[in-house]
Amino acid sequence: MQAKTSELLLPKAPKNGSRILLEKIKPFWQHLSFNYKVTLRNIFRYKVKMIMTILGIAGCTGLLMMGFGIRDSLAGIGQKQYSEIIKYDLIAVDKDSLSSEQSTKLNQKLSSSQVNKHLPVYFENVSKKIAGTNQYISIIVPEKDSEISKYISLRNRSSGQKINLNGRGIVISEKLAKLLNLSIGNELSLVTTNGKKVKLPIGNICEMYMGHYVLMSSGVYRKYFGRKAIKMLN
């Protein structure tokens, strides 16, 4: 009854905001911007917001660290794959439809000073369903089995022991063996481009980080595929 009418018509004034301990440190608090002051008040006054802020910053930092780790891991694998294991620089495809003139030009180019060395191989890409997805497997059959080491370093990843192509079976990449749960002595089933199904005995498993490879001697190819490996790549 004692209040004035004009005062009663005005909205109620908001309550004074709670102060935090940092506000008592005048030199520090006065140099902060408005956004920093609001942030600090929210963090210290509301525990839920403080926990969400800490979890958000920790999660973003973890994602950044994981991203840097994946980048460094992939960069190292690529360098090791194409400097230590894969040694060739170029693959030239010799198609069946080449004319005699084109074949002559290709052989001249391979024999020129621009090419340090080359090796004729049979190459075929086949697909196999692995873990629900179709993945490509490269079949390589060198014309000279002993020469393949100059272009692809076949070795055991754990021991570093050199692997040679022989007549006992094929050599498959380690990643392919893990995906198919295969080991030395098992058989790898493949369907060739002409629809023929073959089962190849695994003689060894080689170190390989990118791509799936199956390497074999010309004798093994002729034994299980029933035909001679025709030169397709140089």
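Everything quoted here is computed from the prediction, not taken from an experiment. (Residues numbered from 1 in each chain as written. Predicted model: local features only at pLDDT ≥ 70, side-chain atom pairs only at ≥ 80, totals over all residues. Heavy atoms only, no water.)

### A closer look at the overall build of the chain
- For the chain, the count of helices and strands is seven helices and six strands.
- Along the chain, from the amino end to the carboxyl end, the secondary structure elements read α-α-α-α-α-β-β-β-α-β-β-β-α.
- Taken over the C-alpha trace, the chain has a radius of gyration of 34 Å; the compact-globule value for 234 residues is 17 Å, which it surpasses by more than 25%.
- Dimensions of the chain along its principal axes, counting C-alpha atoms only, are 115 × 45 × 40 Å.
- Within the chain, the fraction of its 234 residues that count as buried is 28%.
- Taking the intrachain contacts of the chain between residues at least 6 apart in sequence as the baseline, contacts between residues at least 24 apart amount to 64%.
- Carbon and sulfur atoms make up 56% of the accessible area of the chain, which totals about 16,500 Å².
- Across the chain, 36 positive and 15 negative side-chain charges occur, with their mean positions spaced 12 Å apart. (Helix = DSSP H or I, 4+ residues; strand = E, 2+ residues; numbered from the N terminus. Rg over C-alpha atoms; globule rule 2.2 N^0.38 Å. Buried < 20%, exposed > 50% of the residue type's maximum accessible area, 1.4 Å probe, protein only. Contact = heavy atoms within 4.5 Å. Areas by Shrake-Rupley, 256 points an atom, 1.4 Å probe, with all protein chains shown as cover. Lys, Arg positive; Asp, Glu negative; His and termini not counted. Charge placed at Lys NZ, Arg CZ, Asp CG, Glu CD.)

### Details of the packing of helix H3 (residues 34-45) against helix H4 (residues 47-85)
- Contact pair H3 / H4: the axes reach a minimum separation of 5 Å and the direction vectors enclose 110°. Of the possible angle classes, the one that applies to H3 and H4 is roughly perpendicular. Across from Asn-42, Ile-43, Phe-44 and Arg-45 in H3, the residues of H4 making contact are Lys-47, Lys-49, Met-50 and Thr-53. (Axes fitted to C-alpha atoms, helices over the stretch in contact; angles between N-to-C directions. Parallel < 35°, antiparallel > 145°, perpendicular 65-115°, else oblique.)

### Overview of the nonpolar core
- By size, the foremost hydrophobic cluster in this structure holds 23 residues, and its most contacted members are Ile-139, Ile-170, Ile-172, Leu-188, Leu-190, Val-214 and Met-216.
- When contributions to this core are tallied by element, the ones reaching two or more residues are strand E1 (121-130), strand E2 (133-142), strand E3 (170-173), helix H6 (174-179), strand E4 (187-191), strand E5 (197-206) and helix H7 (218-225).
- Leave out the neighbours within four places in its chain, and Leu-188 touches Lys-128, Ile-170, Ile-172, Leu-176, Leu-180, Leu-182, Val-198, Lys-199, Leu-200, Ile-202 and Val-214.
- Counting 16 residues, the second largest nonpolar core, distinct from the first, contains Ile-86, Leu-165, Val-171 and Cys-206. (Core = buried A, V, L, I, M, F, W, Y, C linked by side-chain atoms within 4.5 Å.)

### Let's talk about the pairing of E4
- Of the two faces of E4, only one is covered, namely that formed by Leu-188 and Leu-190; the face formed by Glu-187, Ser-189 and Val-191 stays uncovered.
- Pairing of E4 with E5, which is carried by five bridges, proceeds in the antiparallel orientation. Its bridge partner being in E5, Glu-187 is matched across the sheet by Pro-201.
- Once E4 ends, the chain turns through five residues before running back antiparallel as E5, passing Gly-195 with a positive phi of about 85°. (Pairing = 2+ DSSP bridges.)

### Focus on the packing of aromatic side chains
- A complete count under the given rule lists two aromatic pairs for this structure.
- Measuring from ring centre to ring centre gives 5.0 Å for Tyr-122 and Tyr-221, while their planes differ by 55°; the resulting arrangement is tilted. In this pair, Tyr-122 sits in strand E1 while Tyr-221 sits in helix H7, placing the two residues 99 residues apart along the sequence. There is no split in this pair, since Tyr-122 and Tyr-221 are both buried.
- Aromatic side chains Tyr-221 and Phe-225 sit 4.2 Å apart centroid to centroid with 10° between the ring planes, which places their arrangement in the stacked category. (Phe/Tyr/Trp six-rings, centres within 6.5 Å; stacked < 30°, edge-to-face > 60°.)

### Structural notes on the sheet that holds E4
- Here we have six strands laid out as an open sheet, ordered E1-E2-E6-E3-E5-E4, and mixed in their pairing. Bordering the open sheet on either side are E1 and E4, each of which pairs with just one other strand. Across the sheet, the mean angle separating the axes of adjacent strands is 35° when strand polarity is ignored.
- In this sheet, E2 lies alongside E1 in antiparallel orientation, the contact comprising ten bridges.

### Focus on the side chain of Gln-81
- Within the element layout of this structure, Gln-81 appears in helix H4.
- Looking at Gln-81, its side chain comes within polar contact range of the main-chain oxygen of Met-210, at 3.2 Å.
- Leaving out residues up to four positions away in the same chain, Gln-81 has contacts with Ile-86, Met-208, Tyr-209 and Met-210. (Polar contact = N/O pair within 3.5 Å; in protein donor to acceptor, adjacent residues only side chain to side chain.)

### Quick notes on unusual backbone geometry
- You will see that Asn-181, though not glycine, has its phi angle at about 55°, which is positive.
- In this structure, Asn-181 sits in the loop between H6 and E4.
- According to the relative accessible area criterion, Asn-181 is exposed, its value standing at 69%.

### A few points about the side chain of Ser-153
- Along the polypeptide, Ser-153 turns up in the loop between E2 and E3.
- If near-sequence neighbours (up to four positions away) are discounted, Ser-153 is found in contact with Glu-84, Ile-85 and Lys-87.

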